[in-house]
Structure formats: C-alpha cells, structure tokens
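Survey of secondary and tertiary structure
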There are 2 protein chains.
Amino acid sequence: METVERLIRSTQELLWERGYVGTSPKAVQRASGAGQGSMYHHFSGKAELARAAIERSGAEMRAKAAEELGTEGSAVERISAYLGRDREVLRGCPVGQLAADPEVVADPELRGPVDETLSWLCGRLAEIVAEGKENGEFPASVAPERLAATIVATLQGGYVLARAAGSEEPFELAIEGLLELIA
Amino acid sequence: METVERLIRSTQELLWERGYVGTSPKAVQRASGAGQGSMYHHFSGKAELARAAIERSGAEMRAKAAEELGTEGSAVERISAYLGRDREVLRGCPVGQLAADPEVVADPELRGPVDETLSWLCGRLAEIVAEGKENGEFPASVAPERLAATIVATLQGGYVLARAAGSEEPFELAIEGLLELIA
DNA sequence: GTCTATACACTGATAGAC
DNA sequence: GTCTATCAGTGTATAGAC
C-alpha cells in the first residue's frame with residue numbers, strides 16, 4: 001500500500017481508538033510505518049491528516065448506511081435492518097465520537113466532515129420516513145426530520161450508554177425501545 | 001472557598017470543556033489558583049482529582065434530575081418536563097461526554113461515576129414509565145427499562161448531533177421526535 | 001520522497017525547603 | 001499546607017541532507 005494510504009488508515013484507527021486530542025503525529029508514524037519526514041511531506045500537520053482520515057471514515061459510514069437503507073422492503077423494515085446491524089458498540093461510533101472532542105468541534109475543517117456525515121444520515125432517514133408515511137406505515141402527524149433525528153440520536157446515545165456501562169446491553173435496550181415505539 | 005473545593009470545581013469545568021485527556025494538572029492549578037505543591041498535597045495526581053470532579057458532577061446531575069422527575073403530574077408530563085428543561089446543549093453533557101474518552105473508559109475509578117450516574121437516570125426513568133403503565137398512560141406492551149434507555153440515549157445522542165452540527169437544532173428535533181412517539 | 005537532527009513548550013510528577 | 005526547583009518524556013513541528 002502507498003504511504004499516503006497507510007497514513008490515512010492508521011490515523012482513522014487512532015482517531016477511533018484515542019480521539020483527536022489523544023492522537024499524536026508520532027503515534028501515527030509508528031502505526032503506519034512512515035517516518036517523520038515522510039508524514040510531513042504528504043500532510044502539513046496533524047490537522048490536515050486528521051481531516052483526511054475523518055473524511056474517509058465519514059464516506060465509509062455513509063456508503064454502508066446507503067447500502068443498508070437502499071434495500072427492498074418497507075420503511076420500517078429498512079430502518080429496523082439498519083438499527084439492528086452488527087456494530088462494535090464498545091468502540092463507539094468512529095465519526096460521532098469525535099463530536100466530544102473540543103478541538104474537533106472548534107475547527108471547521110475537522111467538524112465539517114463529522115457534521116456532513118451525521119446530517120446526511122438524518123436526511124436519508126427522513127426520506128425513508130416520508131416514504132413510509134405515503135405507504136401508511138406512519139401516521140400523517142409524524143414529522144420526518146424529527147423522527148430521523150430521534151433515530152440517529154438514539155444510536156449515538158446508545159454508544160455513550162454502552163461505553164459508560166462497559167457493556168453493550170444499554171445500547172441494545174435503547175434500540176429495542178425505539179423500535180417498539182416505531183412499530 | 002477552600003483549596004480542595006476550588007480544585008474540584010475547576011477540574012469539573014475543565015473536564016467539561018476539554019475532556020480528561022485534554023485536561024492537564026497545570027491547567028487545573030491555573031484555573032483554581034492553587035500551586036503545584038498544594039494540588040499534589042490534596043490529591044495523589046490527575047486521576048484522583050478527576051475522580052472527585054466526576055463524582056461531584058454526577059451527583060449534581062442526579063440531584064437536578066431527581067428534583068425535576070419528582071414533581072406532581074403524570075409520567076408523560078414529568079418526562080416531558082425533564083426532556084424540555086434548559087440545557088447548555090453545545091457544551092455537551094458534563095458526564096456523558098466523558099464516555100468518549102478512552103482513558104476514562106479504561107480506568108474503572110473514572111468510568112465508575114459516569115456509569116452510576118447514567119444507570120441511575122435510566123433506573124429512575126424506568127420507575128416513572130412503570131408508574132405511567134399502571135395509570136394507563138402507556139400500553140401494557142411497553143418495557144420500562146427499554147423505553148428509559150431510549151430516552152436517555154436520545155438525550156445523549158442529541159448532544160452529539162448538536163455539537164457536530166454546531167447548532168442546537170438537531171437536539172431539539174430529536175427530543176421533539178421522541179415526545180411525539182411517546183405521547 | 002524519505003531520513004536524521006534539532007527545537008521548544010508542555011505533561012505529569014517528585015523532592016525538599018519553608 | 002504551600003512554595004520553588006528539577007526532571008524524563010512527549011507533542012508538534014522545522015531544517016537541511018540524501
């Protein structure tokens with residue numbers, strides 16, 4: 001694999017595992033096998049490298065969700081399938097978790113791809129809820145953007161509860177509770 | 001105010017603002033006005049100080065929620081009041097946000113008070129949902145611990161979406177969406 | 001493109017004087 | 001209890017050779 005690619009992938013892993021503040025250029029170099037000079041040749045510094053990594057993680061997350069939400073089936077079925085798919089719950093969401101990091105939130109270049117990813121997800125879910133309304137799966141009173149936000153928030157918050165508890169259980173409970181409300 | 005108290009309160013603020021990894025003993029000293037020697041006289045180090053601060057923040061959060069959830073009114077009214085109260089959304093949850101920090105999650109002494117606080121909240125909400133079931137506010141099919149987990153997750157995830165978006169709007173949407181499902 | 005050398009502030013403490 | 005001195009290690013680069 002090329003150096004740039006190895007740098008980006010190593011940074012993705014480290015951001016997921018340690019957050020932005022907790023990820024040092026030195027750690028990226030060690031993980032990727034690239035030297036100091038090499039890293040600074042390809043990227044201006046930590047922030048630019050992190051931006052590339054976050055954009056990549058966001059793109060991967062969107063691609064996966066797009067696939068799961070684009071299948072045949074009713075709106076409720078597709079939402080259930082998306083919510084129920086296997087996740088590394090205790091590691092947290094590779095993208096959403098970065099929203100807890102003050103340096104990410106403070107830098108538009110870093111917050112941007114996080115925002116885009118979660119906003120895209122809310123928008124896509126809102127489309128599906130709207131389709132469900134047309135098919136009579138949801139009452140006319142349901143507001144698609146609201147329900148979509150609730151779905152994404154429950155997922156993101158489920159990760160928080162699970163990591164706090166050191167157990168996947170509260171994540172599962174939260175998802176099941178949401179599905180009971182929807183179905 | 002006594003030195004210990006100033007140290008704890010400054011650490012609470014810094015943990016909220018910067019997270020555990022991003023909070024240095026030196027920053028705590030600056031913020032509290034305590035010197036190096038003073039800080040290390042009262043606390044063995046960063047971890048012990050952080051534990052005291054997290055316990056304090058957790059206690060404050062529980063006290064506030066207990067008050068709001070202990071008022072007169074139906075279950076749905078109390079849950080709505082709790083969800084709708086004013087929050088500093090863009091700062092995130094002072095306790096829940098720490099679950100994104102790998103060093104907090106890895107250290108039982110630090111994760112403990114985070115877990116206790118969120119678990120207590122889930123438990124208290126489950127009691128209220130159970131009361132609501134008895135009064136016919138919720139169908140018998142509702143599982144209290146599941147709905148409680150969904151409520152807390154929506155809140156915690158709402159913070160995540162808001163910080164990612166740099167706007168309180170998705171937080172509001174997620175809460176409103178949840179209330180529509182419940183009511 | 002990649003390497004090594006250098007730099008300077010900050011991190012998280014410990015030691016001993018007062 | 002609080003102060004100052006000291007310290008080895010890390011963070012985040014820049015400079016210049018190869």
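To keep things clear, this report deals only with the structure shown in the data block. A quick note: this is a predicted structure, and the numbers were derived from the prediction, not measured.

A short note on the relation of the copies chain A and chain B
The two copies are related by a screw motion: chain A maps onto chain B through a turn of 180 degrees and a shift of 0.0 Å along the axis, at an RMSD of 0.0 Å. Each copy turns onto its partner about a two-fold axis. Both copies present the same face, since 100% of the interface residues in chain A are matched by interface residues at the equivalent positions in chain B.

Notes on the protein's contact with DNA strand C
Inspection of the region around DNA strand C gives 15 residues, with Ser 38 and His 42 of chain A together with Pro 25, Gln 36 and Lys 46 of chain B positioned closest. Put simply, 57% of the atoms of DNA strand C that lie within 4 Å of the protein are in sugar or phosphate. In this structure, Gly 35 of chain A approaches DNA strand C through a main-chain N or O atom, which is 3.3 Å from a phosphate oxygen. Gln 36 of chain B has a polar side-chain atom sitting 2.3 Å from a base nitrogen of DNA strand C. Here the residues of the surface near DNA strand C sort into 2 nonpolar, 11 polar and 2 charged.

Topic: the environment of Ser 119 of chain A
Residue and element names in this part refer to chain A. Tracing the chain through its elements places Ser 119 in helix α7 (residues 108–134). Of the residues examined, Ser 119 reaches a relative accessible area of 40% and is grouped as partly exposed. Between the C-alpha atoms of Ser 119 and Glu 2, which are 117 residues apart in sequence, the distance is 32 Å.

A closer look at the pattern of salt bridges
Inspection of every chain in the model, using the stated rule, returns 28 salt bridges over all chains. Notably, a salt bridge pairs Arg 146 of chain A with Glu 176 of chain B, separated by 3.1 Å at the nearest N-O pair. With one member in each of two chains, Arg 146 of chain A in helix α8 (residues 144–165) and Glu 176 of chain B in helix α9 (residues 169–182) form a pair that bridges those chains. Under the relative-accessibility criterion, Arg 146 of chain A is labelled partly exposed at 28%. Glu 13 of chain B is the partner of Arg 91 of chain B in a salt bridge, and the nearest nitrogen-oxygen pair spans 3.1 Å. On the criterion of sequence distance, the pair formed by Arg 91 of chain B in the loop between α5 (75–84) and α6 (102–106) and Glu 13 of chain B in helix α1 (residues 3–18) is long-range, its members being 78 residues apart. What makes Glu 13 of chain B partly exposed here is its relative accessible area of 42%. The network of salt bridges with common partners includes Glu 13, Glu 17, Glu 88 and Arg 91 of chain A.

Considering α7 of chain A
Residue and element names in this part refer to chain A. Over its 27 residues, α7 extends 38 Å from the first C-alpha to the last, a length consistent with the 39 Å expected when each residue adds 1.5 Å. Of the residues flanking the start of α7, the one acting as N-cap is Asp 107, its side-chain oxygen 2.8 Å from the backbone nitrogen of Glu 109. Just beyond α7, the residue with positive phi is Gly 136, at close to 80 degrees.

Thoughts on the interface of chain A and chain B
Contact with chain A, which involves 45 residues of that partner, is made by 45 residues of chain B. Carbon and sulfur atoms make up 66% of the surface buried where chain A meets chain B, a total of about 3,400 Å² over both sides. At the junction of chain A with chain B, the criterion picks out 6 salt bridges. Linking chain A with chain B are 17 residue pairs in polar contact (both at pLDDT 80 or more), by the criterion used here. For the side of chain A that touches chain B, the element with the most residues is α8 of chain A, which contributes 16 residues. For the side of chain A that touches chain B, the class distribution of residues is 23 nonpolar, 11 polar and 11 charged.

Considerations on the packing of α8 of chain A against helix α7 (residues 108–134) of chain B
Taken N-terminus to C-terminus, the directions of α8 of chain A and α7 of chain B make an angle of 125 degrees; their axes are 8 Å apart at the nearest point. The orientation of α8 of chain A with respect to α7 of chain B, classified from their angle, is oblique. Pair α8 of chain A / α7 of chain B crosses with left-handed handedness. Residues Val 160, Leu 161, Arg 163, Ala 164 and Ala 165 of chain A of α8 of chain A form the contact with α7 of chain B, whose participating residues are Arg 111, Val 114, Asp 115, Leu 118 and Cys 122 of chain B. Looking at side-chain class alone, the contact of α8 of chain A with α7 of chain B contains 7 nonpolar, no polar and 3 charged residues.

The rules we used
Residues numbered from 1 in each chain as written. Chains lettered and ligands numbered in written order. Predicted model: local features only at pLDDT ≥ 70, side-chain atom pairs only at ≥ 80, totals over all residues. Heavy atoms only, no water. Least-squares fit on C-alpha atoms with pLDDT ≥ 70 in both. Contact = heavy atoms within 4.5 Å. Near = heavy atom within 4 Å. Polar contact = N/O pair within 3.5 Å; in protein donor to acceptor, adjacent residues only side chain to side chain. Nonpolar A, V, L, I, M, F, W, Y, C, P; charged D, E, K, R; others polar. Helix = DSSP H or I, 4+ residues; strand = E, 2+ residues; numbered from the N terminus. Buried < 20%, exposed > 50% of the residue type's maximum accessible area, 1.4 Å probe, protein only. Salt bridge = Lys/Arg side-chain N within 4 Å of Asp/Glu carboxyl O. Expected span 1.5 Å × (residues − 1). Buried area = accessible area lost by both parts, 1.4 Å probe. Axes fitted to C-alpha atoms, helices over the stretch in contact; angles between N-to-C directions. Parallel < 35°, antiparallel > 145°, perpendicular 65-115°, else oblique. Left-handed = near helix turned anticlockwise from the far one by under 90°.

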